[in-house]
Amino acid sequence: MVTPCDVPVGVITGDNVVKLLTHAKENGYAIPAFNCTSSSTANAVMEAASKFNSPVMIQASNGGAQFMAGKSIKDKNACAAGAVALALHVRAMAPYYGIPVILHSDHCAKKLLPWFDGMLEADE
């Protein structure tokens, strides 16, 4: 499948994100973003994006990441683990949908910085 501005399919980062966002701005289109709470919602988003040959952003919010981890888990690190689990799932599956995907952490209030720090630590 041909992607806009020749960015690769699957999860993109760095210069490829800049290239895609620049292409979108210069060509007057938006890249939709969806807050996903499970592998099923992430798959549905990627399937719809693939159907329309569209790049997409998949977001994980603090609450959505907690849902991904399991609402009954009360460990303070569960939200970060849920976000990481969603990101790993999307990274593994996105190439099969043939579209570029940007992973996004959604917004982060100051009180949620430990969640954000947990995601950064998982990436090290």
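Since this is a predicted model, take the numbers as computed values, not measurements.

Take the overall build of the protein chain next. Helix and strand counts for the protein chain come out as five helices and four strands. Relative to the 2.2 N^0.38 estimate, which gives 14 Å for 124 residues, the radius of gyration of the protein chain is 15 Å and therefore close to what a compact globule would have. Structurally, the protein chain occupies a C-alpha span of about 45 × 25 × 25 Å along its principal axes. A buried classification covers 40% of the 124 residues belonging to the protein chain. Across the protein chain, every contact between residues at least 6 apart in sequence was considered, and the portion connecting residues at least 24 apart equals 67%. Total accessible area computed for the protein chain in this model is approximately 7,200 Å², and 57% of it derives from carbon and sulfur atoms. Put simply, the protein chain has 9 plus and 10 minus side-chain charges, and the middle of one group is 9 Å from the middle of the other.

Moving on, we get to the sheet that holds strand β1 (residues 10-11). Taken in spatial order, the four strands line up as β1-β4-β3-β2 in an open sheet, and their pairing is parallel. Edge positions in the sheet fall to β1 and β2 (33-35), since each of these pairs with one other strand and no more. Across three bridges, β2 lies against strand β3 (residues 56-59) in parallel orientation. Across the sheet, the residue bridging to F34 is I58, located in β3.

Glancing now at unusual backbone geometry. Here N53, not a glycine, exhibits a phi torsion of approximately 50 degrees, which is positive. Note that N53 resides in the loop between α2 (39-51) and β3.

Bringing the packing of helix α3 (residues 62-69) against helix α4 (residues 78-97) into the picture now. With their axes 7 Å apart at the nearest point, α3 and α4 run at an angle of 80 degrees to one another. Relative to α4, the element α3 is oriented roughly perpendicular. For the pair α3 and α4, the contacting residues are N62, A65, Q66, M68 and A69 in the first and A78, C79, G82, A83, A85 and L86 in the second. Looking at side-chain class alone, the contact of α3 with α4 contains eight nonpolar, three polar and no charged residues.

In the predicted model, the protein chain carries a mean pLDDT of 89, and the fraction of residues at 70 or more is 94%. Taken element by element, the protein chain is modelled with least confidence in helix α5 (residues 113-123), mean pLDDT 72, and with most confidence in α2, mean pLDDT 97.

This next bit is on the nonpolar core. In this structure, M46, I58, V90 and V101 are the most contacted members of the largest nonpolar core, which totals 19 residues. Examining the composition of this core, we find that six residues originate from one element, α4, more than from any other. If we skip the residues at most four places from it in the chain, I58 touches F34, C36, A42, V45, M46, V90, V101, I102, L103 and H104. If you look at the next biggest cluster of nonpolar residues, it comprises nine residues, including V7, I12, L20 and I31.

What counts and what doesn't
- Residues numbered from 1 in each chain as written.
- Predicted model: local features only at pLDDT ≥ 70, side-chain atom pairs only at ≥ 80, totals over all residues.
- Heavy atoms only, no water.
- Helix = DSSP H or I, 4+ residues; strand = E, 2+ residues; numbered from the N terminus.
- Rg over C-alpha atoms; globule rule 2.2 N^0.38 Å.
- Buried < 20%, exposed > 50% of the residue type's maximum accessible area, 1.4 Å probe, protein only.
- Contact = heavy atoms within 4.5 Å.
- Areas by Shrake-Rupley, 256 points an atom, 1.4 Å probe, with all protein chains shown as cover.
- Lys, Arg positive; Asp, Glu negative; His and termini not counted.
- Charge placed at Lys NZ, Arg CZ, Asp CG, Glu CD.
- Pairing = 2+ DSSP bridges.
- Axes fitted to C-alpha atoms, helices over the stretch in contact; angles between N-to-C directions.
- Parallel < 35°, antiparallel > 145°, perpendicular 65-115°, else oblique.
- Nonpolar A, V, L, I, M, F, W, Y, C, P; charged D, E, K, R; others polar.
- pLDDT = per-residue confidence, 0-100.
- Core = buried A, V, L, I, M, F, W, Y, C linked by side-chain atoms within 4.5 Å.

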